[in-house]
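Structure at a glance
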Amino acid sequence: MEFEGRDIISIKDFTRKEIDYILETAEAIEPIAKTGSDMLKGKILATLFFEPSTRTRLSFEAAMHKLGGSTIGFAEPEIASVRKGENLADTIRVVENYADVIALRHPREGAARLAAEFAKVPIINGGSGGEEHPTQALLDLYTIKKEKGLIDGLNIAMVGDLRFGRTVHSLAYALSLYEVKLYFVSPPLLKMRREVLEAIKGKVDVLETSNLDEVIPEIDVLYVTRIQKERFPDPAEYMKVKGSYRINMETLGKAKPDLIVLHPLPRVGEISPEIDRTSHAKYFQQVWNGIIIRMALLALILGSIK
Ligand code: NCD
């Protein structure tokens, strides 16, 4: 399978075979995540983050360091020359001279695709507005597979902001390649985007509802998301849906004993801290799995794993 030099813009650019290969590579690389390696010695990753981030950027940087590579970049575009009015295409054409691969997060949908059109080095989309977040979807799949043994046959619910949340878009596209049933649980205002529903139609069973209690007994994986306050065009609309779902012990009262709860983080009240102590909680494992997936991706893209 050929990954060297490839961009990672949308999860839709990958087949199930390719995704499975990435997950297998991650599994194989996991021991190295503890010991470290010099597989990518001399290689440079640039992280260009035009939007706030803690885990995605640090996770990419940690992954690169664990493989012996180094990192450059910025997380405060207001102090970079973007502030002087430089456009994204120019920024990319400059940075590609400094780095072997670029991880980009940008508030605009389509930004990662545009960057890839200009760049000679591979671009990894670390989040493009409310559109997609493909590396998060890969680490979500990796977590599901690790915790559940396999992905096929599961009932998977996504809860919260399915309209502006980019992680659920990428995850839904990815899961449509497996034999799963998807439950989209949201207030009517924050329903799963039509373009996503259209793309996965006929591939997987989908159930849309606003009532979590009704479906919770059937669920194997509960993927909770933050309401994306910053992406609402109208603050009054946000106030209507703020705090729509709060997962606590009571919510999970009728859940399967081996239900796992995932969240891309940061959480702002959607999951009560009392859940953290239960065996359902896997959101901090996702963080660790994020490093492993990004190590695998960097090694594949830079050609040190074939
Ligand atoms: C998510 C994001 O940035 O889309 N965070 C992340 O990358 N782990 C989710 C969010 O911000 O709610």
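1. Remarks on the packing of aromatic side chains
All told, the structure shown has six aromatic pairs when counted by the stated rule. Pairing Phe50 with Phe74 gives two aromatic rings, centres 5.2 Å apart and planes at 90°, and the pair type is edge-to-face. Of this pair, Phe50 sits in the loop between β1 (44-49) and α2 (55-66) while Phe74 sits in strand β2 (residues 70-74); the two residues are 24 residues apart in sequence, bridging distant segments of the chain. Note on accessibility: Phe50 and Phe74 belong to one class, buried. Note on Phe164 and Phe232: the rings are 4.8 Å apart at their centroids and 50° apart in plane angle, and the pair reads as tilted. Within this pair, whereas Phe164 is found in the loop between β5 (155-159) and α6 (166-175), its partner Phe232 is found in the loop between β8 (221-224) and α9 (235-241), the two being separated by 68 residues in sequence. For the residue pair Phe164 and Phe232, the accessibility class agrees, reading buried in each case. Clustering of aromatic rings is evident, with ring pairs tying together Phe3, Phe14 and Tyr21. The ring centre of Phe60 lies 4.9 Å from the NZ or CZ of Arg294, which sits over that ring.

2. Things to note about the domain arrangement of the chain
For the chain, the domain assignment lists domain 1 (11-132 + 288-301) and domain 2 (134-286). Taken over C-alpha atoms, the centre of domain 1 sits 24 Å from the centre of domain 2. Contacts between the two partners involve 34 residues from domain 1 and, on the opposite side, 32 residues from domain 2. Overall, the association of domain 1 and domain 2 removes approximately 2,600 Å² of surface from exposure, summing both partners, and the carbon and sulfur fraction of that is 54%. In this structure, the connection of domain 1 to domain 2 is made through 22 residue pairs in polar contact (both at pLDDT 80 or more). Within the residue set of the side of domain 1 that touches domain 2, elements represented by two or more residues are α1 (16-35), α2, β3 (101-106), β4 (123-128) and α10 (283-301). Of the residues that constitute the side of domain 1 that touches domain 2, the class distribution is 13 nonpolar, nine polar and twelve charged.

What counts as what
Residues numbered from 1 in each chain as written. Predicted model: local features only at pLDDT ≥ 70, side-chain atom pairs only at ≥ 80, totals over all residues. Heavy atoms only, no water. Phe/Tyr/Trp six-rings, centres within 6.5 Å; stacked < 30°, edge-to-face > 60°. Helix = DSSP H or I, 4+ residues; strand = E, 2+ residues; numbered from the N terminus. Buried < 20%, exposed > 50% of the residue type's maximum accessible area, 1.4 Å probe, protein only. Lys NZ or Arg CZ within 6 Å of the ring centre and 35° of its normal. Domains from an automatic or database assignment. Contact = heavy atoms within 4.5 Å. Buried area = accessible area lost by both parts, 1.4 Å probe. Polar contact = N/O pair within 3.5 Å; in protein donor to acceptor, adjacent residues only side chain to side chain. Nonpolar A, V, L, I, M, F, W, Y, C, P; charged D, E, K, R; others polar.

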